[in-house]
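Each chain is listed here by its residues.
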Amino acid sequence: MRLSSWSFYWSEAGRNISRNAVLALASVSSTAVSLLVFGLFIALSMNVAAVTSALEGQVGIQAFISDQVGATALQTMEKEIASWPNVKSVSYIPKGTALKNLVKDFGSQGNFFTPLSKDNPLLNAFFVKAKSPDEVPAVANHLKRLSGVSNVSYQAPVVDRLFKLVTVVRLVGLGIGILLALGTLLIIQNAIRLGIFARRREIQIMRLVGATDGFIHWPFLLEGMIFGVLGGAVSAAIIAGVYRLYTHVIRTSLPFIPSVAESQIDHLVVPAVVLFGLLLGYLGSHLSLRRVRV
Amino acid sequence: MLSFRSVSKIYPRSIVGLTDIDLEIGKGEFVFVVGQSGAGKSTLLKLVYREEVPTSGAVLVNGWDVARLSPGRVPYLRRHIGVVFQDVRLLSQRSVFDNVAFTLRVTEEAHRDLRRRVIEALDMVGIADLKDKMPFQLSGGEQQRVGIARAMVGRPIVLIGDEPTGNLDPQTSEDILRTFIDINRMGTTVLMATHDSNLVDTFRQRVVALDSGRIIRDELAAAYDDSPPLQARGHL
């Protein structure tokens, strides 16, 4: 295929777009909206997955020990727990360290807890990790029966629910994405079909003088791909902007919630959205050309 | 150059287009195809540039069996055939030059000497000075000349005219036909459908007469009588 043919395709595609500017705008906007939803769902599911995996790393059992238990007894307890076959690790967290962690987790609002340092209400604790998540309840029950243990807590159900949430977010995102993508396909298809109708005379002459199918089709395929890429670029810009706003809010107000870095969104979601737009545009044009049998 | 071998064409709902046509047209011939509306003139021409395919029989163009060409090869057949219509079919938003250049652009041919080729084609039909005009600024005859230039710029071996003078006054029709004759003298085979008896009488060439899809007369330099039915004398 010659370079001059490409310049012909581009000029024809440009001519079509400018002839049907309103329809082109509708195609680009609808592509942008569906890709925006698609991209935001990806970003959301990436973030929920990040929270889940962060929590998963923390899945452990906290056994709070009453203040009456002395240092020697604590050491004995730690050795005993570590010897249990279903325990992976045990670490001792003195209540002073627990308070410091709390202050750190709350970031700028952590100062709220400073007055407590004089009379720390927290308890010393053992942080126990089971060998597998299934064994968490058994280890927890075992811990409860130890003397000196005042309370036992573990987050397994939370993690479990978060895993389910990730699946739900992905499924809902996929469902909405598919519906919107179908809608976008229809709109692009119709825009291209109108373009074909407007140019039917030219197409007839092209056929008559011996233009190949590829030559006749390319301007329409390009047109669809331009719609897709423009829609993708608009939605990518919005996604990048909205995500920066989200991370800013999260990092200042809820710093203990982990979030995916902006660069990851820029390098993964933004190209995915543009590429998906390109694909939608190509497919819309292709279907339209097949349907009208140009 | 063109060969019809026992060609029949039946359209849907059993409408007969052509019946058992045998016809040989040599290289460099000029042939008028005459007959009333519905006689099968356009069908005969469409079979040549494969706008239609025969129901039975074979149509050969320069040795190629057009009905057996794969769809992908059809454009390459058409690059050897120029077609001119009664309604010209110019692109109204393109200049005369661009209308003619369109053929070369869409067939990806002759990009280096595109300008020269277009001017040459316009010159051949005597309207090189109109190259920058838009179609609506031209008379009917001038528009038809642009149509001929567009058909000829690809240097086809066959030029087909489907009633190209149908919308023109007698004087302009004669001028247009002279252009066809000039093109034919340069070696291009010309096949022209018409029901203008004056033209056939004035430019005495081979005449193939059709009636209800059958060839009823095929002779050289005959005076054309439009009054049906013509007595069949066999197809040759």
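For the structure, check the block above.
This text gives an overview of the structure that appears in the document.

Rules of the game
- Residues numbered from 1 in each chain as written.
- Chains lettered and ligands numbered in written order.
- Predicted model: local features only at pLDDT ≥ 70, side-chain atom pairs only at ≥ 80, totals over all residues.
- Heavy atoms only, no water.
- 1 Å grid on protein atoms, 1.4 Å probe; cavity = no way out; pocket = protein on both sides within 12 Å on 5 of 7 lines; lining within 4 Å.
- Points joined across faces, edges and corners; volume = space filled by probe spheres on them.
- Helix = DSSP H or I, 4+ residues; strand = E, 2+ residues; numbered from the N terminus.
- Core = buried A, V, L, I, M, F, W, Y, C linked by side-chain atoms within 4.5 Å.
- Buried < 20%, exposed > 50% of the residue type's maximum accessible area, 1.4 Å probe, protein only.
- Contact = heavy atoms within 4.5 Å.
- Pairing = 2+ DSSP bridges.
- Buried area = accessible area lost by both parts, 1.4 Å probe.
- Salt bridge = Lys/Arg side-chain N within 4 Å of Asp/Glu carboxyl O.
- Expected span 1.5 Å × (residues − 1).
- Bend = angle between axes of the 7 residues up to and from the residue.
- Axes fitted to C-alpha atoms, helices over the stretch in contact; angles between N-to-C directions.
- Parallel < 35°, antiparallel > 145°, perpendicular 65-115°, else oblique.
- Left-handed = near helix turned anticlockwise from the far one by under 90°.
- Lys, Arg positive; Asp, Glu negative; His and termini not counted.

Quick notes on the layout of surface pockets
- What the second largest pocket holds in volume is close to 430 Å³.
- As for the second largest pocket, its lining consists of 19 residues, and the residues nearest its centre are A:Arg207, A:Leu208, B:Arg50, B:Glu51 and B:Arg78.
- At the level of elements, helix H7 (200–209) of chain A together with helix H2 (74–78) of chain B are the ones that each hand at least two residues to the lining of the second largest pocket.
- For the lining of the second largest pocket, the leading source of residues is H7(A), giving 4 residues.

So, the nonpolar core
All names here are of chain B.
- Of all hydrophobic cores here, the largest spans 40 residues; its most connected members are Phe32, Val118 and Phe180.
- Breaking this core down by element, the ones donating at least two residues are strand E3 (30–34), helix H3 (96–106), helix H4 (114–124), helix H5 (140–152), helix H6 (170–185), strand E8 (189–194), helix H7 (197–202) and strand E9 (206–211).
- Not counting residues within four places of it along the chain, the set of residues in contact with valine 118 comprises Phe97, Val100, Ala101, Leu104 and Val153.
- The next biggest cluster of nonpolar side chains, apart from the first, holds 32 residues, and it includes Leu2, Ala39, Val74 and Leu191.

With respect to the pairing of strand E10 (residues 214–219) of chain B
All names here are of chain B.
- The pairing of E9 with E10 spans 5 bridges and is antiparallel. Across the sheet, the residue bridging to aspartate 211 is arginine 214, located in E10.
- The antiparallel hairpin formed by E9 and E10 contains 2 residues in its connecting segment, where serine 212 sits at a positive phi of about 50°.

Considering unusual backbone geometry
Residues and elements named next belong to chain B.
- One non-glycine residue, arginine 13, lies in the positive phi region at around 60°.
- Within the secondary structure, arginine 13 sits in the loop between strand E1 (2–11) and strand E2 (15–25).
- In the Ramachandran plot, arginine 89 falls in the positive-phi region, its phi being about 60° despite a non-glycine side chain.
- Following the sequence through the fold, arginine 89 ends up in the loop between strand E6 (81–85) and H3.

Here we look at the interface of chain B and chain A
- Taken residue by residue, the interface counts 21 residues in chain B and 21 residues in chain A.
- The contact between chain B and chain A buries some 1,900 Å² in all, and 58% of this surface belongs to carbon and sulfur atoms.
- Among the residues of chain B in contact with chain A, B:Arg94, B:Val106 and B:Glu108 are the three that bury the most area, contributing 29% of the side total.
- Joining chain B to chain A, the criterion identifies 2 salt bridges.
- The shortest N-O distance in the salt bridge between B:Arg94 and A:Glu202 comes to 3.0 Å.

A few points about helix H8 (residues 213–253) of chain A
- Here H8(A) contains 41 residues, and its C-alpha end-to-end distance of 59 Å stays within 8% of the 60 Å for a straight helix at 1.5 Å per residue.
- When the local axis directions of H8(A) are compared, the greatest deviation, roughly 25°, occurs at A:Pro219.

Quick look at the packing of H5(B) against H6(B)
Residue and element names in this part refer to chain B.
- The contact between H5 and H6 brings their axes to 10 Å, and the two run at 15°. The angle between H5 and H6 places the two elements in the roughly parallel class. As H5 runs across H6, the sense of the crossing is right-handed. Contacts between H5 and H6 involve Gly141, Gln144, Arg145, Ile148 and Met152 from the first element and Thr172, Asp175, Ile176, Thr179, Phe180 and Ile183 from the second.

Overview of the side chain of B:Arg150
- When you line up the elements, B:Arg150 lands in helix H5.
- Buried charge B:Arg150 goes without a salt bridge, the closest partner of opposite sign being B:Asp87 at 7.5 Å.
- In this structure B:Arg150 touches A:Ile205, B:Val88, B:Arg89, B:Leu90, B:Asn99, B:Val100 and B:Thr103, once residues within four positions along its chain are discounted.

Digging into the pairing of strand E1 (residues 61–65) of chain A
Residues and elements named next belong to chain A.
- Of the two faces of E1, only the one carrying Ile61, Ala63 and Ile65 is buried; Gln62 and Phe64 on the other face are not.
- Two elements, E1 and strand E4 (residues 149–154), share 5 bridges in a ladder whose sense is antiparallel. If you follow isoleucine 61 over to E4, its bridge partner there is tyrosine 154.
- Here E1 runs beside strand E3 (residues 124–130); their pairing, made up of 5 bridges, is antiparallel. From the neighbouring strand, alanine 63 faces E3, where its bridge partner is phenylalanine 126.

Let's talk about empty space enclosed by the protein
- Applying the stated criterion across every chain, the model contains 2 cavities of 30 Å³ or more.
- Roughly 120 Å³ of internal volume is contained in the largest cavity.
- Along the wall of the largest cavity there are 14 residues; nearest its centre are A:Val209, B:Ile81, B:Gly82, B:Thr103 and B:Ala151.
- Of all the secondary-structure elements, those providing two or more residues to the lining of the largest cavity are H7 of chain A together with E6 and H5 of chain B.

A few points about the sheet that holds strand E2 (residues 87–93) of chain A
All names here are of chain A.
- Spatially, E2-E3-E1-E4 is the arrangement adopted by the 4 strands of the open sheet, whose pairing is antiparallel. Where the open sheet ends on each side, the last strands, each with one partner, are E2 and E4. Sheet twist, expressed as the average angle between the axes of neighbouring strands with direction ignored, equals 20°.
- Contacts from helix H3 (residues 71–83) reach E1, E2, E3 and E4 within the one sheet, and its direction differs from that of E2 by about 160°.
- Along the sheet face, helix H5 (residues 136–144) touches E1, E2, E3 and E4 and points at about 170° away from the line of E4.

Things to note about the sheet that holds E1(B)
Residues and elements named next belong to chain B.
- The antiparallel open sheet is built from 4 strands, whose spatial order is E2-E1-E4-E5. Only two strands of the sheet have a single neighbouring strand rather than two, namely E2 and strand E5 (64–65).
- By the bridge criterion, 2 bridges tie strand E4 (residues 56–61) to E5 in an arrangement that is antiparallel. Directly across from valine 61, in E5, lies its bridge partner tryptophan 64.
- Lying over the sheet, helix H1 (residues 41–48) contacts E1, E2 and E4, oriented at roughly 120° with respect to E1.

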